Amino acid sequence: MITELERLEAKDRIAYSQILEKNRGLFNYSLESRELESLGVNPKNFVARMKKRGLLESIQRGRYVTTLSPIKGYLPPRYHPELIPSILLSSLSTPYYISWHSALSYYNLIESASNTTFAAVIKEKCSFKSPLGNVRFVCISSKKFFGYKDIKIDGYKILMATPAKAILDSFILPENSGSFSVLISSFKEGYRNGLFDGEELVKIALRLEMPSLNRRLGFLMDRYNIAGSDLLLPYLGRSYAVSLNPGSYKKNEFNFKTNRKWRVVEDELLLDTAENLK
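What you are looking at is a predicted structure, and each value in this text was computed from that prediction instead of being measured.

Reading the values: rules and limits
Residues numbered from 1 in each chain as written. Predicted model: local features only at pLDDT ≥ 70, side-chain atom pairs only at ≥ 80, totals over all residues. Heavy atoms only, no water. Helix = DSSP H or I, 4+ residues; strand = E, 2+ residues; numbered from the N terminus. Contact = heavy atoms within 4.5 Å. Areas by Shrake-Rupley, 256 points an atom, 1.4 Å probe, with all protein chains shown as cover. Axes fitted to C-alpha atoms, helices over the stretch in contact; angles between N-to-C directions. Parallel < 35°, antiparallel > 145°, perpendicular 65-115°, else oblique. Nonpolar A, V, L, I, M, F, W, Y, C, P; charged D, E, K, R; others polar. Salt bridge = Lys/Arg side-chain N within 4 Å of Asp/Glu carboxyl O. Buried < 20%, exposed > 50% of the residue type's maximum accessible area, 1.4 Å probe, protein only.

**Some words on the overall build of the chain**
Link 1 in the chain: Tallying secondary structure elements over the chain gives ten helices and twelve strands in all.
Link 2 in the chain: C-alpha atoms of the chain, sized along the principal axes, occupy 75 × 35 × 30 Å.
Link 3 in the chain: Across the chain, contacts joining residues at least 24 apart in sequence account for 58% of those joining residues at least 6 apart.
Link 4 in the chain: Split by element, the accessible area of the chain, about 14800 Å² in all, is 49% carbon and sulfur.

Next comes the structure, spelled out in structure tokens:
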């Protein structure tokens, strides 16, 4: 059976094969057009032909991914929205890492689907939308830009928050991950599955230097019998009480009280919901 690649003219086949093999299915027109010219292929006409055949798909002006897989048995890059931040930022030398809902989903700590990839950056960058998926760039301070590692998805290198950092990023900006009750459930699940321990959580929290985060984390660690929370006690700040869920606190029909040790308003409805999620 003749493949799509074999149907191409010789020069196009060589050029496309090079994109698959050398660039693993990623094509940046401005960086790689000269290589096509060296093969005797007009870059502009080549892109037009490949797009017409459905073999290249644009994710941004001048940047494309192949619809054929560069590795036998693996999905083409168009099926990996986690790659988009790396592709968009590669030519700008802009650091990033994937966190919040996207990282929690990668670690199987959250079930809800999202077509948006959340990426941390240290310089403001506009959100991006494409047929392959959307990217929301979340600008954070350079002091908070840590706690990530190299991972590979189908052979592609991606910078991903560690499970503990993804949880704490989400505690700080829960709107990028989902409801706080779901985050509490993810927190419990991550600890239960050995993805992080109390020592790692405390180490990251202290480096983030956020008293309100220390209060919420310490309270939750105590509630779920995670050792090490007392190391946070000297770093709770001076204000009286904060709500468990960041933002304004609203009374509900469940009882509520202030935990004096951590100076956190215990939201029993929120906790009850989190503890009864499957």
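**Observations concerning the packing of helix α2 (residues 29-38) against helix α3 (residues 43-52)**
When two helices pack together, their arrangement is given by the angle between their axes and by how far apart the axes lie.
Link 1 in the chain: Between α2 and α3, the least distance of the axes is 9 Å, while the angle of their chain directions is 105 degrees. It follows from the interaxial angle that α2 and α3 lie roughly perpendicular. Residues Y29, S33, L36 and E37 of α2 lie in contact with α3, whose contacting residues are P43, K44, F46 and V47.
Link 2 in the chain: Here the residues of the contact of α2 with α3 are counted per class, giving five nonpolar, one polar and two charged.

**A word on the pattern of salt bridges**
Link 1 in the chain: Applying the stated criterion to the full structure yields seven salt bridges.
Link 2 in the chain: Two residues, E4 and R7, come together in a salt bridge whose shortest N-O distance is 3.1 Å.
Link 3 in the chain: What makes E4 partly exposed here is its relative accessible area of 34%.
Link 4 in the chain: The closest approach of N and O atoms between R223 and E275, which form a salt bridge, is 2.7 Å. Of this pair, R223 sits in helix α9 (residues 211-223) while E275 sits in helix α10 (residues 268-275), and the two are 52 residues apart along the sequence.
Link 5 in the chain: R223 gets classed as partly exposed once you look at its relative accessible area, which sits at 30%.
Link 6 in the chain: Residues participating in the shared-partner salt-bridge network are D222, D230 and K261.

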